[in-house]
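Chain and residue survey
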Amino acid sequence: MSTAVETLGHHTSSVSYPLPHGPRVNLGCGPVMPKGWINVDGSRRAWLVAHAGRLDRLLVRLGLLRATPFRPGIIHHDLRKPLPWARDSLAAVYAGEVWEHFEYEDARRLTAECHRVLMKGGVLRLCVPDGVEFWENYLAIFREQQAREPGARDVARLRRHVRMYFDDICTRRPGLKSFGHFHKWQYDEVQLVDLFMRCGFKDVSRQAFGVSRIPDIGILERSDFLIVEGVKR
């Protein structure tokens, strides 16, 4: 498989790349379920729609559940388990704001699974919250308040920022509280690129929002966070 025709970068609006022909998978899709993609989600509601769609619709009509964004055809899968595709069978895998919901070792295994199921020349693209941006914002607030006299400081701004961290990133809360949408890891560019490379990906680099070897990424990507892309060679 040849390399990208033009250099990927933050100022490129489109990329010409010979993506292999084959299925493309959207992992942890949530409400973003574009046509032409295999949309996969591990939530309980996705399970209900995938395995008991009539019951889901009945519960909605009875007012016991809200209408769901999941449509028939959604695939329910626990992403902590091996992916249900054969080796070298997929052209692309995308996941937006998913990897941060796994413990690091679970994320490493899932990244390796993506490498296994992708074809040669296939692309993995991940979008996660950027830890560097979070802490740069914290430092900006800290320095602003530090420059003031103690009696004039707005300490509540710092506390709110720290509280956001502990509310959203929770690795091991007791009981069942670490499930659901809590984050279990925080990535930065160095960590995420390293994760790709450790799992065998090549040509790994940070990408700008909407710039991808995957031609229709615009129908999937919703967040301009930390975005990294790699190729299986």
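Residues numbered from 1 in each chain as written. Predicted model: local features only at pLDDT ≥ 70, side-chain atom pairs only at ≥ 80, totals over all residues. Heavy atoms only, no water.

Turning next to the overall build of the protein. A tally of regular secondary structure across the protein gives 6 helices and 7 strands. Seen in sequence order, the protein has helices and strands lined up from the N terminus as β-β-α-α-β-β-α-β-α-α-α-β-β. Considering the protein as a whole, with its 233 residues, one finds that 43% of them fall into the buried category. A separation of at least 24 residues holds for 70% of the contacts in the protein among residues at least 6 apart in sequence. Counting every atom, the protein has about 13,000 Å² of accessible surface; 56% of that belongs to carbon and sulfur. (Helix = DSSP H or I, 4+ residues; strand = E, 2+ residues; numbered from the N terminus. Buried < 20%, exposed > 50% of the residue type's maximum accessible area, 1.4 Å probe, protein only. Contact = heavy atoms within 4.5 Å. Areas by Shrake-Rupley, 256 points an atom, 1.4 Å probe, with all protein chains shown as cover.)

Overall, mixed pairing links the 7 strands, which are arranged E3-E2-E1-E4-E5-E7-E6 in an open sheet. Looking at which strands have only one partner, the edges of the open sheet turn out to be strand E3 (75–76) and strand E6 (202–206). Where strand E1 (residues 24–27) lies against strand E2 (residues 38–41), 3 bridges are found, and the strand directions are parallel. Note on E2: the bridge partner recorded for Leu-27 is Val-40. Running over the sheet, helix H3 (residues 104–117) touches E1, strand E4 (90–96) and strand E5 (118–128) and is turned about 150° from E5. Lying over the sheet, helix H6 (residues 189–198) contacts E5, E6 and strand E7 (226–231), oriented at roughly 20° with respect to E7. (Pairing = 2+ DSSP bridges. Axes fitted to C-alpha atoms, helices over the stretch in contact; angles between N-to-C directions.)

The description of two aromatic rings rests on the distance between their centres and on the angle between their planes. Scanning all chains against the criterion turns up 7 aromatic pairs. When the centroid spacing of 5.4 Å and the interplanar angle of 80° are considered together, the rings of Trp-135 and Tyr-138 count as edge-to-face. Residue Trp-135 and its partner Tyr-138 are both found in helix H4 (residues 131–146); the two are separated by 3 residues, about one turn of the helix. Ring centres of Trp-135 and Tyr-165 lie 5.1 Å apart, and the angle between their planes is 50°; this geometry places the pair in the tilted category. Highlighted residues: Trp-135 in helix H4 and Tyr-165 in helix H5 (residues 155–168), separated in sequence by 30 residues. With a relative accessible area of 33%, Trp-135 lands in the partly exposed category. With relative accessibility at 22%, the residue Tyr-165 sits in the partly exposed group. Through a chain of ring-to-ring contacts, three or more aromatic side chains come together here, namely Phe-134, Trp-135, Tyr-138, Tyr-165 and Phe-166. Across from the ring centre of Tyr-17, 5.8 Å away, lies the NZ or CZ of Arg-213, which sits over that ring. (Phe/Tyr/Trp six-rings, centres within 6.5 Å; stacked < 30°, edge-to-face > 60°. Lys NZ or Arg CZ within 6 Å of the ring centre and 35° of its normal.)

We now examine the pattern of salt bridges. Oppositely charged side chains are able to pair whenever their charged atoms sit close together. Under the counting rule described, the total for this entry stands at 18 salt bridges. Salt-bridge contacts for Glu-105 lead to Arg-108; the nearest nitrogen and oxygen are separated by 2.9 Å. Of this pair, Glu-105 and Arg-108 both sit in helix H3, 3 residues apart, roughly one helical turn. On the basis of relative accessible area, Glu-105 is assigned to the partly exposed category, the value being 39%. Here Glu-144 makes a salt bridge to Arg-148, at a shortest N to O gap of 3.2 Å. On the accessibility criterion, Glu-144 (35% relative accessible area) is partly exposed. (Salt bridge = Lys/Arg side-chain N within 4 Å of Asp/Glu carboxyl O.)

This part is about the nonpolar core. Counting residues in hydrophobic clusters, the biggest one holds 30 residues, and the most contacted among them are Leu-27, Trp-99 and Leu-192. Setting aside chain neighbours within four positions, we find Trp-99 in contact with Leu-27, Ala-107, Leu-110, Thr-111, Cys-114, Leu-126, Val-128, Tyr-187 and Leu-195. (Core = buried A, V, L, I, M, F, W, Y, C linked by side-chain atoms within 4.5 Å.)

All right, on to the packing of helix H1 (residues 44–51) against helix H2 (residues 53–61) then. Between H1 and H2, the least distance of the axes is 5 Å, while the angle of their chain directions is 115°. The orientation of H1 with respect to H2, classified from their angle, is roughly perpendicular. Judged by residue contacts, Arg-45, Leu-48, Val-49 and His-51 of H1 engage Gly-53, Leu-55, Asp-56, Leu-59 and Val-60 from H2. For the contact of H1 with H2, the class distribution of residues is 5 nonpolar, 2 polar and 2 charged. (Parallel < 35°, antiparallel > 145°, perpendicular 65-115°, else oblique. Nonpolar A, V, L, I, M, F, W, Y, C, P; charged D, E, K, R; others polar.)

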